[in-house]
Every structure is written in structure tokens, then in C-alpha cells.
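As a plain string of letters, each chain reads:
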Amino acid sequence: MEFNHILVRYGELALKGKNKKQFVDRLHENVRRKLVHFPNTKIVRNHDRMYIELNGEDPDAVLDKCKEVFGIQSFSLAMKVDSEEQAIKDAAVKVIASEPSVKTFKVTTKRVKKNFPIGSQDFNRELGGYILRNVEGLNVDVHNPDMDLHIEIRGEGTYITSKKIKGAGGLPVGTTGKSLLLLSGGIDSPVAGHLAMKRGVEVEAIHFHSPPYTSDRAKEKVLNLAKQLTKYGAKVKVHIVPFTKLQQTMYREIPDGYGMTAMRRMMLRISERVAEKEGILSLTTGESLGQVASQTMESMSAINEVTNYPIIRPLIAMDKLEIIDISKEIGTYETSIEPFEDCCTVFVPNQPKTKPDREKIKQYEASVDYSAEIEETIAGITTVTFKEEDLYQSEFDDLL
Amino acid sequence: MIYFDNSATTRPFPEVLKSFHQVSERYYGNPSSIHGFGTESERLLQQSKKQAAQLLQVKSDEVVFTSGGTEGNNMAIKGVALQHQNRGKHIITTQIEHPSVIEACKALEDLGFEVTYLPVNEDGIVSVQDVQESIREDTILISVMHVNNELGSIQPIQEIGEVARKYPKLYFHVDHVQGLGKVPLNIDECGIDLCTLSSHKIHGLKGTGILFIKEKTPIFPLFHGGTQESQYRAGTENLAGIVAMVKALRLTFQNQDKAISHLERLNKRLRKGLEQLNQVHLNSPVHGAPHILNFSVPGYKPEVMIHALGEKGIYVSTKSACSSKHSDVSSILQACGHPLKRSSSALRISLSAENTENEVDIFIEEFERVLSELSKVMG
């Protein structure tokens, strides 16, 4: 069955009132970028939906790509024909016959073009009868049909669709601003980035690297995770912070139980500086309440003290298993579980305080002047940008 | 030189050799080393695996790199047998398998396994019904090759797969070494659990191969040691060979359609030429693989014909290179029911897409001359 269109429904965007155009523009742009490798496709949009004209491109391949675009509620493969009775009937028969597993169906006609000569109800009956006469082994079932055949009669033509395919939902990436994601090599932070993106957030990442305590493989792993995220956001910038010197100083100067708190505070200070420089207004972390020592209410309070930037914590109320499920779904799990040390596991105190005291940590930090080291660390940041193509290309392409 | 022994081995593609050289030079780090240099090698290894999986339309962790066809077949057969002997000790295979399958099965017989070697018809094809009927309660493995290396006969893999699917407790292994690139096979759709591939039959290098092991198919490893290849095969990976193989695989698949129709043209031309010589009996079935043509010249010793052709720079073979140094009698032709005179005088031409129609014409001409010279002494 040759479907020639994909119908795209916006979902939540419908609620955006006067700002809707801006959201739809962005979604259009994101879909267009996603389909660069399908040069024949053409995107046509109106105020409540979008149509992708396939012009011979493989519908399933295009659909698979579009499933990664946030802001789309659902899709349907559609066949567009002229708004003429016989043309619609022929196409409807083709659509239904292309699914041999369908035993029962119903027809739902929507007449946007009101001058179509037959009323919606009448056309439902008329077309239903025509299908029964022309396709063997079918029955009508209006309550629980295998296929609900939608006929939408419009001025420019009639779209015939059968089933709804779920989209990624959420808001188009780029419509709600930018956030700096603290990306470790673990399971949580890439999922947090993904969920932020789902709310329309464009994500940049920051990673703290402590050579020689943490290896190139650990860094590699983080870069791979960032690359995975480009699937949903087209482009992801990663700032790599040389963290070794600061960590060594903190390890020396801060009492063991507070080392972890001090390190997290330092990460936030540096992240805030990077965000400031990049014109980013928030930070995103993979924190989940109660998961580890740094994620108790007391810890978060003590850590959060150093910044007044909003911190987005999409995972805060999630179970580990839920997080793992999402990471498998978005393709980061396999990379996340590669066993390499990161800077949070190397300098881990024997007995991290689960209830650190705000005043105490302030006092411990005051005993050293970190400012020069902080400046030096920030000056040493390197930045890599990944585009979605990088995900599918490799440096080894010439060898393979 | 006219090289017509491509089922024994093929000439490596120049691009493949280039990759091998570059990888040996630049990425000699051990993929299992945790330093940065090892990391690079490991990444390249993973990328190779991913590409191989994509080309074969299977999952990355279902691709296990081996040293070639013989190892793949041994790993699959002994691996399943040893791992699952509690379920049963019966194996089904055919009489015309490659020695690496037959001998592995015979070795298992020494260990107390029971093997059914199914017969084939005159065209060298096993009957699906025979397969179905020989399945028993204690059958753990069916091993059937896709394309026969001597005859080019194509086995009904899809149908056997459908039969095997009905018995979730038994595994289905396919030796796809001769079919790869010449007779398409969809591993997933055919219900195959294990599938052997070899690099040097598709213009890659010797010493590399792939064993596809479907997920959730535990096998007993032949080599124990490190954790390479998901512990299915310990030992430092032959990275340069692997990369070269995956490249050969890509090039092969890229040009597959064109290559097949070219081979079919050559095959037809060869058949036509050979049919004109009245001493010649064609053994390969008409609907066989396009790259193999087997024929007999009763009364003539194959070895003598090979040497006579060799003197003219034309290289053909008798049967499988793995068994050709033994007697002249082909057990495969015997299994097809051919009399001794015919099964002891067989020659095999095996083509690659690099061969030309001109070479076919020269071969026919020279072969006729060889026959008439030899007929004075032998015929």
C-alpha cells in the first residue's frame, strides 16, 4: 500500500493561544531538519496539523525519524486523493485491503469542505457499503473495529487514514529556552536531559573530567551519551571541565564526610559560570530524591545554596527502574552501564554525610581561597559540538 | 591467469587490503587494554560489529567474530551440543555438509551423541519432509548448509527454518559460507539461530569470519580465556582482519545485485560451452548458486585435468579445498546417487564477479584442447 502522506498532529501546542505560531514554526523547522536525508519530502502545514508529502520516500523510514521529534502528539499514514466520490472510494478500498489482518471496520467521515455533495453520515453508510461489496471477509463494527477508517474531506483534497501512531509528545525543542545539563557517565543524567528536551528545552552539556583519575574512556562514554541526545535535539554542545586540580585541593582541605558536598557545590559554581557565559538561564541535573547521599533533602539544600539559577530536576520523583526504562528506550542505557570511573566515584568519601550542615560546609570552604583555581579551571574548559549526523557517522568510515 | 577457484578462496579487494594495512599500522592497541590507545581499537571493533550487524540485519551482540568458517561451524555445532546435552543428544545434518560440519558431528558421535545424516536427491537437495520426520524428542540441533560448496545446490533453508521453529527446544544452524553474497539469505526471517560466515570467500582475508548467534542462544565456548566476544570466543581480536572483513561485507552487499546477475550470465555461458563437449556431464543443478559449476568427465582423472589446465594458467579445482587432497571420489556426488565413474572425475569451477565472459570463452577453448590431448592417453 503506497501511502503518499504522513499526517502530523500537534497535541499540546493547541493550547498555546497567541504564541502558537512560534511553536509551530519551531516544530516545522525541527521536522524539516530531521528529514534532510529525505530530499523529496515536502512539509505542508496549517494551523492545527502538518502534512508530510512523501513524494516516493519510504513512509516507515520517514515516520521512524519523526518519532524522535518532540511536539508531535500522533501521526497517521495518509492517502491523499481528489475530493471526488469515486476517487475516495477506490482509495479507501486500497487502504483497507492493504491490512489483511483487519476483519472489522468502521468509517468516520469529516467534511471540512462543506460543499461536498454528500453529508458525512450518508457518506459513512455509502462508503461502508462500497467497501463491503469490494473487499471480501469484512464486517462493520462501529463499537470496536479493527480499523477506524478516517475520511477527511478538505478543499485541497481528501485524506484517508487508518491508524494513529504515537508521537514523542512534549514541546518542540527550542521553544522554552536553553539549559545546561550536568552530564556524568551514569544512567540518570542523559535521561534528565532527554526529559528536559521533551519540555522544549534546548540542552547544552557540561562534564567534569579528572584525568588521570578518570580515563579517556570515561570521557568518551560521556561524549557518546551527548551524541545520543542529538537524536532529539539536532545539536548538543559539551563543555568539558578539567576538574583534577580543584578536586585534589578539596580532597586535601575538606574533611572527609563533607568532600562530596563540597565537590557538588563546586560543580554548580562552575556550571553557573559556564551558563552565564553561554547565555543559559538554568541548570539541569539527574538528581532523584533519596537515591544516593548527595540526593537527600539536606544535601540538596546544602548544595543548592551556591547558585540562584533554577535547577531543573526531571527525575526528582522517579524510581530507578523507571529511569532505567527510559534510558533503554532512548538508547543511552548500553553506553551508561559501561564500567568506567568518573570523577564522582574516584573521590568518593568513605562516609559521605547524608545530612550535611550548611554552616559547616561554608566554614570548611572558607578556609581555602579557591578563586584562582576556579579561574584556571574555567579557562581550561574545552567544548565539542555534536550534530545529529555525528551519531550515524564514525571516524572510522574510511576504514570500514 | 584465469582464476576459477573462488569457492576455495577469493582475491582480496584492494580496498580491503588497504584497510587491513591502515588498521594494523594505526590501531594496533589491544581492544581490551584500558588505556586510551586500547580504547581507540575497541571503538573501532564496536563500530565494525555495528556495521556488520546492520549489513546482516541482526543485532550487534548477535555478531561474534571468529577465525573463519571452520571455526564458526565447530563453535556452533559443538557449542550447542555441549551446552544442551541435558536436553538430548540427537543432531540432524545432511550427507553433503562441509568437512567442518561432518567431522565435528563425527567427533560428537565419539562423545555419545547420535547424528542423523540426511540423504539428498540427484540435485544435491535435502527434503524438508525428511528433516521434519527425523526430528525426535531428544533432537537439539539441525545443521544444514545454505549453498553446497561442490555443487552449488541451494537448500530450502526457509522451509527448514519453518519446521525448526515449531520445536522451540532445538536450534537451527546454517553454514552460509558459500552462499554469502551470491544467494541472499535473510537470517532473521528464516528462523536461524546460528549462522556461519567466512571473510575470505567474499574478497576479505583468511583467518576471519562471523558466527551469528541469536540472542538467548547459550553455547559452550570452544576457547576459554578472556571475556572477548561476550565470552563466546576468548582471545585477542584480529582487529585488522575484522575491519577488513566488514569492509568486504559492505562492498559485497553494495554490489550484490549486479554481481549476481553477472555471475548468472557467466554461468549460462559456461554451461552452454560445456554442454557442447560430449564427454562432459554437468552435475550442478540448473537452479543452483550462480557461482559454482560442477561437472564430470568420466574416465579422466581430475588431478591430471587440473594440472593440464594449470599449465595454461587456468585454475579450477576438484571438490572442496578442505577435502581435495584425499581421494578423487566426491562423497557429495556419491550422495547425489552418481556412479563411481562420475563421482571420481569431477571438476569444480567457482566464479567471482571479477571473472569475465572472455575468460569463460578462453576456458572452454583450452579445456577442449586439454581433453583432446588427454584423450590420447586416458579417454
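Conventions adopted
- Residues numbered from 1 in each chain as written.
- Chains lettered and ligands numbered in written order.
- Predicted model: local features only at pLDDT ≥ 70, side-chain atom pairs only at ≥ 80, totals over all residues.
- Heavy atoms only, no water.
- Helix = DSSP H or I, 4+ residues; strand = E, 2+ residues; numbered from the N terminus.
- Buried < 20%, exposed > 50% of the residue type's maximum accessible area, 1.4 Å probe, protein only.
- Contact = heavy atoms within 4.5 Å.
- Pairing = 2+ DSSP bridges.
- Axes fitted to C-alpha atoms, helices over the stretch in contact; angles between N-to-C directions.
- Parallel < 35°, antiparallel > 145°, perpendicular 65-115°, else oblique.
- Left-handed = near helix turned anticlockwise from the far one by under 90°.
- Buried area = accessible area lost by both parts, 1.4 Å probe.
- Salt bridge = Lys/Arg side-chain N within 4 Å of Asp/Glu carboxyl O.
- Polar contact = N/O pair within 3.5 Å; in protein donor to acceptor, adjacent residues only side chain to side chain.
- UniProt positions renumbered as here; feature names shortened; annotations may be inferred.
- Domains from an automatic or database assignment.
- Nonpolar A, V, L, I, M, F, W, Y, C, P; charged D, E, K, R; others polar.
- Core = buried A, V, L, I, M, F, W, Y, C linked by side-chain atoms within 4.5 Å.
- pLDDT = per-residue confidence, 0-100.
- Patch = residues over 30% accessible without salt bridge, like charges linked within 9 Å, V, L, I, M, F, W, Y side chains within 5 Å.
- Areas by Shrake-Rupley, 256 points an atom, 1.4 Å probe, with all protein chains shown as cover.

Examining the overall build of chain A
Phase 1: When helices and strands are counted, chain A shows 15 helices and 15 strands.
Phase 2: Each of the three principal axes of chain A carries a C-alpha extent, and together these read 85 × 50 × 40 Å.
Phase 3: Counting the 400 residues in chain A, one finds 52% classified as buried.
Phase 4: Long-range contacts, defined as pairs at least 24 residues apart, comprise 80% of the intrachain contacts of chain A with a sequence gap of at least 6.

Examining the pairing of strand S6 (residues 171-175) of chain B
Looking along a regular strand, one sees side chains alternate from face to face of the sheet.
Residues and elements named next belong to chain B.
Phase 1: With 5 of its 5 residues buried, S6 lies for the most part within the structure.
Phase 2: Residues Tyr-171, His-173 and Asp-175 of S6 are buried on one face, and the alternating residues Phe-172 and Val-174, pointing to the opposite face, are buried as well.
Phase 3: Of the pairings in the sheet, the one linking S6 to strand S7 (residues 194-198) comprises 3 bridges and is parallel in character. In the sheet register, Val-174 faces S7, and the bridge partner there is Cys-195.

Examining the packing of helix H8 (residues 259-278) of chain A against helix H9 (residues 297-304) of chain A
Residues and elements named next belong to chain A.
Phase 1: Orientation of H8 relative to H9, taken along the N-to-C sense of each, is 45°, at an axis distance of 8 Å. Classified by the angle their axes make, H8 and H9 are oblique. Crossing geometry of H8 relative to H9 is assigned as right-handed. On the side of H8, the interface is formed by Met-260, Thr-261, Arg-264, Arg-265 and Leu-268, while H9 contributes Ser-299, Ala-302, Ile-303 and Asn-304.

Section: the interface of chain B and chain A
Phase 1: Listed by partner, the interface residues are 24 residues for chain B and 10 residues for chain A.
Phase 2: Between chain B and chain A, roughly 1300 Å² of surface is buried when both sides are summed, and carbon and sulfur atoms account for 51% of that area.
Phase 3: A salt bridge links B:Glu42 to A:Arg217; the nearest nitrogen and oxygen atoms lie 3.7 Å apart.
Phase 4: On inspection of chain B and its partner chain A, the count reaches 9 residue pairs in polar contact (both at pLDDT 80 or more).
Phase 5: Mapped onto the side of chain B that touches chain A, the elements with two or more residues apiece are helix H1 (14-26), helix H2 (36-56) and helix H7 (239-254) of chain B.
Phase 6: At 11 residues, H2(B) tops the list of elements feeding residues into the side of chain B that touches chain A.

Thoughts on the UniProt feature "binding site: ATP" (unreviewed entry) in chain A
All names here are of chain A.
Phase 1: The positions UniProt marks with the feature "binding site: ATP" (unreviewed entry) are Leu-182, Leu-183, His-207, Phe-208, Arg-264, Gly-286 and Gln-295.
Phase 2: Relative to the helices and strands, Leu-183 is located in the loop between strand S10 (178-182) and helix H5 (188-198).
Phase 3: If near-sequence neighbours (up to four positions away) are discounted, Leu-183 is found in contact with Ser-189, Pro-190, Ala-205, Ile-206, His-207, Val-222 and Ala-226.
Phase 4: Relative to the helices and strands, Gln-295 is located in the loop between strand S13 (282-284) and H9.
Phase 5: For Gln-295, a relative accessible area of 8% translates into the label buried.
Phase 6: Those residues within four positions of Gln-295 in sequence are excluded, and the remaining contacts are Gly-286, Glu-287, Ser-288, Leu-289, Gly-290 and Met-300.
Phase 7: Looking at Gln-295, its side chain comes within polar contact range of the main-chain nitrogen of Ser-288, at 3.0 Å.

A closer look at the domain arrangement of chain A
Residues and elements named next belong to chain A.
Phase 1: Domain boundaries assigned for chain A yield domain 1 (5-166) and domain 2 (178-398).
Phase 2: For domain 1 versus domain 2, the distance between C-alpha centres works out to 43 Å.
Phase 3: Listed as interface residues are 8 residues of domain 1 and, on the opposing side, 11 residues of domain 2.
Phase 4: Between domain 1 and domain 2, a total of about 740 Å² is buried, with carbon and sulfur atoms accounting for 47% of that surface.
Phase 5: Considering only the side of domain 1, the residues that lose the most area to domain 2 are Lys-34, Glu-68 and Phe-70, jointly responsible for 64% of the buried surface there.
Phase 6: The interface formed by domain 1 and domain 2 contains 2 salt bridges.
Phase 7: Here domain 1 and domain 2 share 2 residue pairs in polar contact (both at pLDDT 80 or more) between them.
Phase 8: Take the side of domain 1 that touches domain 2: its biggest share by element is 3 residues, from helix H1 (residues 20-34).
Phase 9: Residue composition of the side of domain 1 that touches domain 2, by class: 1 nonpolar, 1 polar and 6 charged.

Description of the nonpolar core
Residue and element names in this part refer to chain B.
Phase 1: Membership of the largest hydrophobic core comes to 59 residues, with the highest contact counts inside it found for Leu-44, Ile-142, Phe-172 and Ile-192.
Phase 2: No other element matches H7, which puts 10 residues into this core.
Phase 3: Residue assignment places this core across two domains, with domain 1 (2-8 + 256-378) and domain 2 (14-251) each supplying three or more.
Phase 4: Those residues within four positions of Phe-172 in sequence are excluded, and the remaining contacts are Ile-142, Val-144, Ile-157, Ile-160, Gly-161, Ala-164, Cys-190, Gly-191, Ile-192, Asp-193 and Leu-194.

Some remarks on the confidence of the model for chain A
Phase 1: On average, chain A scores 90 in pLDDT, and the residues at 70 or more come to 97%.
Phase 2: Mean pLDDT across the elements of chain A ranges from a minimum in helix H12 (residues 343-346) of chain A, with 62, to a maximum in S13(A), with 98.

Comments concerning the pattern of salt bridges
Phase 1: Using the criterion set out here, one finds 44 salt bridges over all chains in the structure.
Phase 2: Between A:Asp122 and A:Arg125 there is a salt bridge; the shortest N-O distance is 2.8 Å. In this pair, A:Asp122 and A:Arg125 both sit in helix H4 (residues 120-134), 3 residues apart, roughly one turn of the helix.
Phase 3: On the basis of relative accessible area, A:Arg125 is assigned to the exposed category, the value being 57%.
Phase 4: A salt bridge links B:Lys106 to B:Glu103; the shortest N-O distance between them is 3.9 Å. A residue pair is termed a helical-turn pair when its members lie 3 or 4 positions apart in one helix, as B:Lys106 and B:Glu103 do in helix H4 (residues 99-110) at 3 residues.
Phase 5: Each member of the salt-bridge network shares a partner with another, and the members are A:Arg265, A:Arg269, A:Glu305, A:Arg358, A:Glu359, A:Lys362 and A:Glu365.

Digging into a nonpolar patch on the surface
Phase 1: A cluster of nonpolar residues, A:Leu132, A:Val140 and A:Val142, forms a patch on the protein surface that exposes about 230 Å² of accessible area.
Phase 2: For A:Val140, the position within the fold is in strand S6 (residues 139-140).

A few points about the side chain of A:Thr377
Phase 1: Topologically, A:Thr377 is positioned in helix H14 (residues 371-379).
Phase 2: The contact partners of A:Thr377, leaving out residues within four places of it in the chain, are A:Val241, A:Pro242, A:Leu246 and A:Ile270.

Section: the UniProt feature "domain: THUMP" (unreviewed entry) in chain A
Phase 1: UniProt feature "domain: THUMP" (unreviewed entry): in the numbering of this structure it lies at residues 60-164 of chain A.
Phase 2: Annotation note: span residues 60-164 of chain A, helix share 33%, strand share 30%, distance between end C-alpha atoms 14 Å.

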